[in-house]
Amino acid sequence: MAKTRRFDADKAGAIASFVCAVHCATVGLLVSILPLIGLSFLHEPWVEASFYSLAIIFGVWAAIRGWKLHRSMWPGIMFAAGMTLVGFGHWTAGGPPGHSALETVGHLVSAGGGLTLVAFHVLNAKLIKNHACSCKSCKQD
């Protein structure tokens, strides 16, 4: 019998969150040379909003799926904390455009939020894998 593959929101979310964390850290440090290498679009608000939207979509999907299976609140708490850090870092602590110390702190806080989201997806996937269940959808062959 052929094994069907399901979309793994935790795997996709962990990858997207890691890319987000790298984006937050590097854009903050390389903002002055981005136009020179043709990557100035990475500092555009639509890119930031796209990353944030993807994180919400993958995170909510994974958190709901995880809650239904393992009933642990910790992944949800980590998701909320990570999204709060990313949002705070980008839209509150970012400060005025330029090379201000506050903007650098904002990028670092956002990168920490991205890494928290990676940890959320890893923990959620581990709890899903380790939960004891006898339902058909959970049986692993």
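Here, every reference points to the structure presented above.
Please read all numbers here as calculations on a predicted model, not as lab measurements.

## Focus on the packing of helix α2 (residues 45-70) against helix α4 (residues 101-130)
Reasoning step 1: As a packed pair, α2 and α4 sit with axes 10 Å apart at the nearest point and diverge in direction by 30 degrees. As summarised for this structure, α2 and α4 are arranged roughly parallel, according to the angle between their axes. Crossing handedness for the pair α2 and α4: left-handed. Contacts between α2 and α4 involve A55, F58, G59, A62, A63, R65, G66, L69 and H70 on the former and, on the latter, L117, F120, H121, N124, L127 and I128.
Reasoning step 2: Of the residues that constitute the contact of α2 with α4, the class distribution is nine nonpolar, five polar and one charged.

## As for empty space enclosed by the protein
Reasoning step 1: By the definition in use, this model includes two cavities of 30 Å³ or more.
Reasoning step 2: Roughly 50 Å³ of internal volume is contained in the largest cavity.
Reasoning step 3: Elements represented by at least two residues in the lining of the largest cavity include exactly α1 (9-30) and α2.
Reasoning step 4: Among the residues forming the lining of the largest cavity, the class breakdown is six nonpolar, one polar and no charged.
Reasoning step 5: If you add up the space inside the second largest cavity, you get close to 40 Å³.
Reasoning step 6: In terms of lining, the second largest cavity is formed by C20, H23, C24, E48, F51, Y52, V86, H90 and W91.
Reasoning step 7: The set of elements that each furnish at least two residues to the lining of the second largest cavity consists of α1, α2 and α3 (74-91).

## Here we look at the nonpolar core
Reasoning step 1: Counting nine residues, the largest nonpolar core consists of A9, A55, A62, A63, F79, M83, V86, L117 and F120.
Reasoning step 2: Taken together, the elements giving at least two residues each to this core come down to α2, α3 and α4.
Reasoning step 3: Setting aside its immediate chain neighbours within four residues, A9 contacts F58, W61, A62 and H121.

## Structural notes on the packing of α3 against α4
Reasoning step 1: Across the interface, α3 lies against α4 with an axial gap of 7 Å and an inter-helix angle of 160 degrees. The angle between the axes of α3 and α4 places the two elements in the roughly antiparallel class. Relative to α4, α3 is oriented so that their crossing is left-handed.

Definitions and limits used
Residues numbered from 1 in each chain as written. Predicted model: local features only at pLDDT ≥ 70, side-chain atom pairs only at ≥ 80, totals over all residues. Heavy atoms only, no water. Axes fitted to C-alpha atoms, helices over the stretch in contact; angles between N-to-C directions. Helix = DSSP H or I, 4+ residues; strand = E, 2+ residues; numbered from the N terminus. Parallel < 35°, antiparallel > 145°, perpendicular 65-115°, else oblique. Left-handed = near helix turned anticlockwise from the far one by under 90°. Contact = heavy atoms within 4.5 Å. Nonpolar A, V, L, I, M, F, W, Y, C, P; charged D, E, K, R; others polar. 1 Å grid on protein atoms, 1.4 Å probe; cavity = no way out; pocket = protein on both sides within 12 Å on 5 of 7 lines; lining within 4 Å. Points joined across faces, edges and corners; volume = space filled by probe spheres on them. Core = buried A, V, L, I, M, F, W, Y, C linked by side-chain atoms within 4.5 Å. Buried < 20%, exposed > 50% of the residue type's maximum accessible area, 1.4 Å probe, protein only.

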